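# Survey of secondary and tertiary structure
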Amino acid sequence: MLLDFFFPGFSMFSTAVQKYLHVDLTIYIPLVILLGAITFAWRYFSEQLWELTESYLMSVVDIRTDDEIYNMLMAWVAAQRFSQGARRFVVNTNLNSRSWFLWRYDYDDEEEDDADIIQEGGSTITKKDKKALAYTPTFGSHWFWYKGRILIFRRSAKEQNSYLTVSEREEISISCFGRNPWVLKELLHEARQTYMKRDEAKTLIYRGASSRNTSEPTWQRCMARTSRPFSTVILNEKVKKDLIDDVTDYLNPATRRWYSNRGIPYRRGYLLYGPPGTGKSSLSLALAGFFKMRIYIVSLSSPSANEENLASLFAELPRRCVVLLEDIDSAGLTHTREGDNGATTSNDDSGDMVPGQITAGNTTTNNNTGRLSLSGLLNILDGVASQEGRVLIMTTNHLEKLDKALIRPGRVDMIVKFDRADKGMTADIFKAIFAPLEGDDAPAPTASDAKPVILDAKAEKEKADKKAEDDRKKAEKIEQISKLAEQFAAKIPEREFSPAEIQGYLLKNKRNPEGAVEGAEQFIEDTRKERREKEAKDEEQKKKDEAKKAEGKKKEEEEKKKKEAEEKAEKEKKEKEEREEKEKKEKEEKDNKKSKSRSKSKDEEASSSSSDSDSDSDSESEYQRWRKWRKAKRAKKAAKKAEKTSAKSRDEAVEERSETTEQKASPDTPPLTPNKATFEAAKAEAPAIKVDELKVAGQGSDSGYGTPTTSVKGDDESDAAVVSAPLAIKA
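In this text, all values refer to a predicted model and were calculated from it rather than measured experimentally.

### Focus: the overall build of the chain
A tally of helices and strands in the chain yields 21 helices and 18 strands. Counting across all 731 residues of the chain, residues that qualify as buried make up 30%. Look at the contacts in the chain between residues 6 or more apart in sequence, and 70% of them connect residues 24 or more apart.

### Brief notes about a positive patch on the surface
The grouping of K587, K590, K594, R598 and R627 at the surface amounts to a positive patch. Broken down by element, the positive patch gets its largest block of residues, 4 residues, from helix α18 (residues 520–607). Within the secondary structure, K587 sits in helix α18. Judged by its relative accessible area of 57%, K587 falls in the exposed class.

### Quick word on the packing of helix α14 (residues 423–434) against helix α15 (residues 457–491)
Direction vectors running N to C along α14 and α15 enclose 140°, while the axes themselves pass 8 Å from each other. Overall, the two elements α14 and α15 adopt an arrangement that is oblique. Crossing geometry of α14 relative to α15 is assigned as right-handed. Taking contact as the criterion, the partners of K423, T426, A427, F430, K431 and F434 in α14 are, on α15, I481, S482, L484, A485, F488, A489 and A490. Residue classes in the contact of α14 with α15 are distributed as 9 nonpolar, 2 polar and 2 charged.

### Notes on the pairing of strand β7 (residues 149–157)
Sheet analysis places strand β6 (residues 140–146) next to β7, joined by 7 bridges and oriented antiparallel. Paired with F144 across the two strands is L151, which belongs to β7. Counting the residues between successive antiparallel strands, the hairpin from β6 to β7 contains 2 residues, one of them, K147, with a positive phi of roughly 55°.

### What about the pattern of salt bridges?
If you walk through the whole model with that rule in mind, you get 20 salt bridges. Across the salt bridge formed by D242 and K238, the nearest N and O atoms sit 3.0 Å from each other. Placement of the pair is D242 and K238 together in helix α8 (residues 237–251), with a separation of 4 residues, close to one helical turn. Residue class for K238 comes out exposed when judged on its relative accessible area of 57%. Here E476 ties to R472 by a salt bridge, and the two come within 2.6 Å at their closest N and O atoms. Note that E476 and R472 are positioned in helix α15 at a spacing of 4 residues, about one turn of the helix. For E476, a relative accessible area of 43% translates into the label partly exposed. In this structure, a network of salt bridges that share partners links the residues E68, D199 and R221.

### Topic: the sheet that holds β6
Judged by pairing direction, the sheet is antiparallel, and its 4 strands sit side by side in the order β1-β8-β7-β6 without closing on themselves. Here the strands that pair on one side only, and so sit at the sheet edges, are β1 (58–63) and β6. Within this sheet the neighbouring strands show an average axis-to-axis angle of 20°, counted without direction. Each of β1, β6, β7 and β8 (170–177) is contacted by helix α4 (residues 68–78), which is oriented at about 65° to β8, the strand it contacts most.

### Observations regarding the environment of R179
Looking at where R179 falls in the secondary structure, it is placed in the loop between β8 and α7 (182–197). For the pair formed by R179 and Y56, sequence separation is 123 residues and the distance between their alpha carbons is 7.6 Å. Residues within four places of R179 in sequence aside, it is in contact with Y56, L57 and S59. Reaching out from R179, the side chain makes a polar contact with the backbone oxygen of Y56 at a distance of 2.6 Å.

### Quick look at a negative patch on the surface
A grouping of E572, E575, E577, E578, E580, E581, E583, E586, E588, E589 and D591 is seen on the molecular surface, where their side chains present a negatively charged patch. Note that E572 resides in helix α18.

### With respect to the sheet that holds strand β11 (residues 268–273)
Pairing in this open sheet of 7 strands is mixed, and the strands run β10-β9-β12-β13-β14-β11-β15 from one edge to the other. Here the strands that pair on one side only, and so sit at the sheet edges, are β10 (217–226) and β15 (414–417). With direction set aside, neighbouring strand axes in the sheet form an average angle of 25°. Set on the sheet, helix α11 (residues 307–315) makes contact with β9 (202–210), β10 and β13 (321–325); between it and β10 the angle comes to about 55°.

### Quick word on α4
Of all 11 residues that make up α4, 9 are buried, and the element is covered over most of its length. Buried within α4 we find E68, Y70, N71, M72, L73, M74, W76, V77 and A78. The N-capping residue of α4, defined by a side-chain oxygen 3.1 Å from the backbone nitrogen of I69, is D67.

### Here we look at the packing of aromatic side chains
Counted under the stated rule, the structure contains 22 aromatic pairs. Residues F290 and F291 carry aromatic rings whose centres are separated by 4.9 Å and whose planes lie at 80° to one another, so their mutual orientation is edge-to-face. Overall, the relative accessible area of 42% leaves F290 in the partly exposed class. Aromatic rings pair up to connect F430, F434, F488, F497, Y505 and F523 into one cluster. Sitting over the face of the ring of F139, R155 holds its NZ or CZ atom 5.8 Å from the ring centroid.

### Topic: the environment of R81
Positionally, R81 belongs in helix α5 (residues 81–84). Taking the C-alpha atoms as reference points, R81 and F144, separated by 63 residues in sequence, lie 8.7 Å from one another.

### What to know about the side chain of S59
On the secondary structure map, S59 appears in strand β1. The exposure class of S59 is buried, given its relative accessible area of 8%. A polar side-chain atom of S59 sits 2.7 Å from the main-chain carbonyl oxygen of G178. What S59 contacts, discounting residues up to four positions off in sequence, is I174, S175, C176, G178, R179, N180, P181 and L184.

The rules behind each value
Residues numbered from 1 in each chain as written. Predicted model: local features only at pLDDT ≥ 70, side-chain atom pairs only at ≥ 80, totals over all residues. Heavy atoms only, no water. Helix = DSSP H or I, 4+ residues; strand = E, 2+ residues; numbered from the N terminus. Buried < 20%, exposed > 50% of the residue type's maximum accessible area, 1.4 Å probe, protein only. Contact = heavy atoms within 4.5 Å. Patch = residues over 30% accessible without salt bridge, like charges linked within 9 Å, V, L, I, M, F, W, Y side chains within 5 Å. Areas by Shrake-Rupley, 256 points an atom, 1.4 Å probe, with all protein chains shown as cover. Salt bridge = Lys/Arg side-chain N within 4 Å of Asp/Glu carboxyl O. Lys, Arg positive; Asp, Glu negative; His and termini not counted. Charge placed at Lys NZ, Arg CZ, Asp CG, Glu CD. Axes fitted to C-alpha atoms, helices over the stretch in contact; angles between N-to-C directions. Parallel < 35°, antiparallel > 145°, perpendicular 65-115°, else oblique. Left-handed = near helix turned anticlockwise from the far one by under 90°. Nonpolar A, V, L, I, M, F, W, Y, C, P; charged D, E, K, R; others polar. Pairing = 2+ DSSP bridges. Polar contact = N/O pair within 3.5 Å; in protein donor to acceptor, adjacent residues only side chain to side chain. Phe/Tyr/Trp six-rings, centres within 6.5 Å; stacked < 30°, edge-to-face > 60°. Lys NZ or Arg CZ within 6 Å of the ring centre and 35° of its normal.

The structure is reproduced here in structure tokens:
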């Protein structure tokens with residue numbers, strides 16, 4: 001039942017086996033359980049024992065894939081027997097690390113002159129057939145012998161950072177038994193020496209670069225070029241000798257101690273200047289190859305070339321190297337330290353420094369845009385935190401464009417001038433191109449050349465005679481080339497052509513020196529014609545650029561004027577709108593003030609019946625007084641008119657009554673005194689006036705008839721008519 005629980009169907013299977021094969025499986029169950037327990041115990045205890053052994057009884061070295069030692073070790077592993085005989089392996093055409101600053105295509109292998117024939121698996125394979133393949137053990141543990149010791153090569157891939165490729169996540173390590181890791185260190189030293197042997201006759205060139213994911217700068221090996229013999233540099237022999245002696249003395253260990261004892265910064269700088277194509281870069285390469293130093297190229301025109309990145313790169317420089325700053329005049333660092341008065345200032349103590357010719361350059365943008373400034377470059381070259389022990393070489397085509405602070409003694413200790421080719425330089429170039437050298441006409445090596453050949457005395461004599469004949473022919477060839485070189489140099493004008501131009505012409509006839517001499521006149525004519533055409537083209541382009549610039553300037557001025565006119569019109573419009581707005585606002589304020597005055601006047605008129613006239617007149621505003629004066633004037637005119645009409649009516653009535661009385665009375669009767677009836681009749685004949693309110697208009701005022709003036713409000717509700725009515729009626 002228990003077995004059926006762990007192994008469903010076991011009872012049926014065991015019953016069938018016992019029935020047909022007569023084998024009782026239950027007898028072997030304890031044996032199977034015992035073997036399983038032993039296996040489990042072996043695996044558990046072996047893992048625990050191995051972990052303890054690795055921790056306390058073994059030495060391990062881990063190799064970083066982002067360091068150049070990875071390339072060195074993998075090249076060594078690929079050449080070992082255990083790697084070539086592995087049943088599970090990785091094949092590569094390039095063993096270099098895939099890390100961002102170590103990854104590069106291995107051009108060095110293709111540049112090997114003696115590697116045309118490759119022995120692979122006992123067969124001869126040329127590079128024309130295919131590129132050599134390298135075999136390395138695959139992921140896992142691989143055991144091998146080294147100097148009588150058992151070593152373990154482990155290769156694995158990290159699980160994290162899955163966005164990286166397998167090659168970028170790779171980890172390798174080598175371990176050995178024992179607590180002394182001397183065998184591992186010897187292996188690493190051997191791998192390094194083997195790797196460096198390929199570069200013994202080469203000059204390694206490094207360039208500053210930045211990571212793909214970060215902005216941290218570092219040096220990246222970009223190529224390894226075959227070292228150039230110093231004799232191939234066409235330059236004045238005295239200048240070359242002085243330069244070599246100066247660098248040799250500087251690199252002497254005793255010189256370093258001499259500098260240190262006297263507190264002098266251990267630095268050396270050289271400035272190479274002259275027209276393009278005169279050999280400035282070639283001299284730098286030859287100098288580095290002559291002294292077995294690496295070249296570190298710094299590009300000051302790079303967008304990432306700021307003070308911080310450049311300081312980091314210079315801090316990582318080795319003690320013995322060549323730092324090359326090419327075409328420093330075109331990096332936008334000429335005269336970038338002008339003060340407020342326009343003069344160039346310097347941060348050193350030399351007060352008599354005179355700046356060079358002012359040239360157009362980025363005088364203000366460097367600091368504002370994060371680019372490298374001249375002041376920052378000077379601090380990096382020989383500041384407090386600058387690196388010592390390096391050889392600084394700067395090249396330029398225009399010495400007059402450089403700031404004097406950049407080339408002062410201490411920063412530049414030797415200035416070498418390169419000029420166009422003279423007669424001697426032209427002859428030297430001709431000899432360097434056509435002189436026979438060892439290996440020029442040698443046949444390609446074959447597999448049979450590697451086999452030892454036993455020669456008899458006759459064969460040895462023939463070989464010696466052949467060698468002597470070859471030497472004689474070589475001497476004759478050299479003498480002939482010397483004569484042709486003199487003829488060629490006589491045809492080429494001095495100081496007119498650069499060494500690069502002469503060398504380019506000679507390379508076209510590298511196997512025909514006589515033809516090169518014969519075509520010298522045609523070369524001169526063609527080169528001059530090309531120069532004239534180029535100058536004419538440049539002049540035409542310059543005129544076009546100037547015309548375009550003038551047109552652009554004119555257009556810019558027109559746009560500026562147009563813009564100014566638009567701005568002026570807009571300003572005037574804005575001012576007009578503001579003025580209208582202000583007038584509108586003032587009008588609104590005035591209207592508001594008038595409305596307030598009207599309401600106030602009405603309130604004052606309503607309360608004027610119970611208030612004193614003097615206090616009312618004092619509190620009235622000027623506008624109210626003017627309005628009241630106007631109303632009084634109109635009322636006065638109406639009153640005069642009404643008075644004239646009333647007086648006329650009264651006179652007619654009196655005359656009429658007089659006539660009636662005279663007719664009725666006798667002549668002897670005295671005149672009657674007016675009584676109440678007479679007054680009522682006269683009043684009835686006057687115009688009908690509704691008296692609502694009597695108001696004295698002013699003290700001491702007179703209506704013109706010797707009677708007080710009364711204020712009478714008629715039927716018109718808007719205006720009050722001041723009417724002067726006589727209180728006495730003529731009898």
